[in-house]
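Tertiary structure, described
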Amino acid sequence: MRSRVAFIRRMRLLLITLLYIPGLLMAQSTFSPLGARCMAMGSISSVMADESSLFNNIGGLAYANDGAFIASQERTSLPGANRSCAGLVIRKKDLGLGMGAVRFGDATYNEQTLIAGVGHQIHRTSLGLRVNLVEYQAVNFPVRSGWSVDLGFLSRLTTQLTFGASITNSNRAHITTRELLPVRFIAGVGFHPTSSYTLALEAAKELDYPVAIRLGFEYSFRSTVFLRSGMQLNPAVISFGTGFRKKRLKLDAGIRYGSMTGYSAQTTVGWALTKSGT
């Protein structure tokens, strides 16, 4: 049994070495959408307007209903690929301010990101900017780090139609002369036929990878209980989840199955800074 564990660890280290030396770490997970609500809706992030916008489309931060503390954890079937994040969002008039941290990996290979962002609402549109300090560390290799800047916006065109878009690493930052941090473009549209239903369609494009198409659905019962589902094409992913809101407490859970990555489950807990009437 011990020899088998040792063999698996050696193979993981070999895989990291093959990826790390050429400077081709193009799928860093700290840049993937975070939050159980987002996961349950097929990884839709461009038209979300809640505290998770701090980690996803920063343009939606000014539309978050309340300031809140938020924490999320994701468990996957891939060894050493778990993620966690925590952040604080503050609302002040037309501004949304936030700061947080994200961690991916284990002792063999891990990624850490410290983030600070701001969203400013102007009429029906919120514009956002986020600064990230990203650090990568692998066993027996030096620590690599870099700064990146993300931009986003979210516009409520009508009471039923929302449009949003974001760009990750807009400054094309590198952590080495050869290694570019991921550059990702995401744009989507949200349709709200009633206050209880949300439909969203999104396209995501990362350099050197094909366009991913995402579709998400959410139903809310009295703004307290939420049911969600979603799917993604290229690669194929299906997901579903639920949520609960009561006064200051916010709970979300999501599960996803991907043809390439297997199962992932994520839970998110939020605590609003102001008490709502729900």
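Attention in this report is confined to the structure presented alongside it. (Residues numbered from 1 in each chain as written. Predicted model: local features only at pLDDT ≥ 70, side-chain atom pairs only at ≥ 80, totals over all residues. Heavy atoms only, no water.)

**Quick look at the pairing of strand β4 (residues 109-122)**
Rules: Only strands that DSSP links by at least two bridges are regarded as paired with each other. Numbering of helices and strands runs from the N terminus, with a helix taken as a DSSP run of H or I at least four residues long and a strand as a DSSP run of E at least two residues long.
Pairing analysis gives 11 bridges linking strand β3 (residues 95-105) to β4, with the strands arranged antiparallel. Paired with leucine 97 across the bridge in β4 is valine 118. Between β3 and β4, which pair antiparallel one after the other, the connecting turn spans 3 residues. With 14 bridges connecting them, β4 and strand β5 (residues 125-138) associate as antiparallel partners. Across the sheet, residue threonine 113 finds its bridge partner in β5, namely valine 134. Connecting the antiparallel pair β4 and β5 is a turn made up of 2 residues, with histidine 123 showing a positive phi of about 60°.

**Side note on unusual backbone geometry**
Applied cut-off: Remark: exposure states derive from per-residue accessible area (1.4 Å probe, protein chains only) relative to the maximum for the residue type, with buried under 20%, exposed over 50%, and partly exposed in between.
With omega at 5°, the peptide bond leading from asparagine 234 into proline 235 counts as cis. With phi around 60°, asparagine 169 is a residue other than glycine that occupies positive phi space. Positionally, asparagine 169 belongs in the loop between β7 (161-168) and β8 (184-191). For asparagine 169, a relative accessible area of 0% gives the class buried. A positive phi angle, close to 55°, is found at arginine 222, a residue other than glycine. Within the element layout of this structure, arginine 222 appears in the loop between β10 (212-221) and β11 (225-233).

**Focus: the side chain of serine 43**
Under the convention used in this document: For this analysis, a polar contact is any N or O atom pair within 3.5 Å, provided that within protein one partner can donate a hydrogen and the other can accept it, and provided that sequence-adjacent residues contribute only side-chain to side-chain pairs. Contacts are residue-level and defined by heavy atoms, with any inter-residue pair within 4.5 Å sufficient.
One can find serine 43 in the loop between α2 (36-40) and β1 (68-76). Here arginine 256 takes part through its side chain, which lies 3.3 Å from a polar atom of the side chain of serine 43. In this view, serine 43 contacts Pro33, Cys38, Glu202, Arg214, Gln232 and Arg256; residues no more than four positions away in its chain are not counted.

**Quick word on the pairing of strand β9 (residues 197-206)**
Side chains Thr198, Ala200, Glu202, Ala204 and Glu206 of β9 all project onto a buried face; the interleaved residues Tyr197, Leu199, Leu201, Ala203 and Lys205 project onto a face where none is buried. As defined by bridge partners, β8 adjoins β9 across 8 bridges and the pair is classed as antiparallel. Its bridge partner lying in β9, alanine 187 is registered against alanine 203. As judged from the 8 bridges shared by β9 and β10, these two strands associate in the antiparallel manner. Note that in β10 the partner of leucine 199 across the bridge is phenylalanine 217. Between β9 and the antiparallel strand that follows it, β10, lie 5 residues; aspartate 208 among them carries a positive phi value of about 75°.

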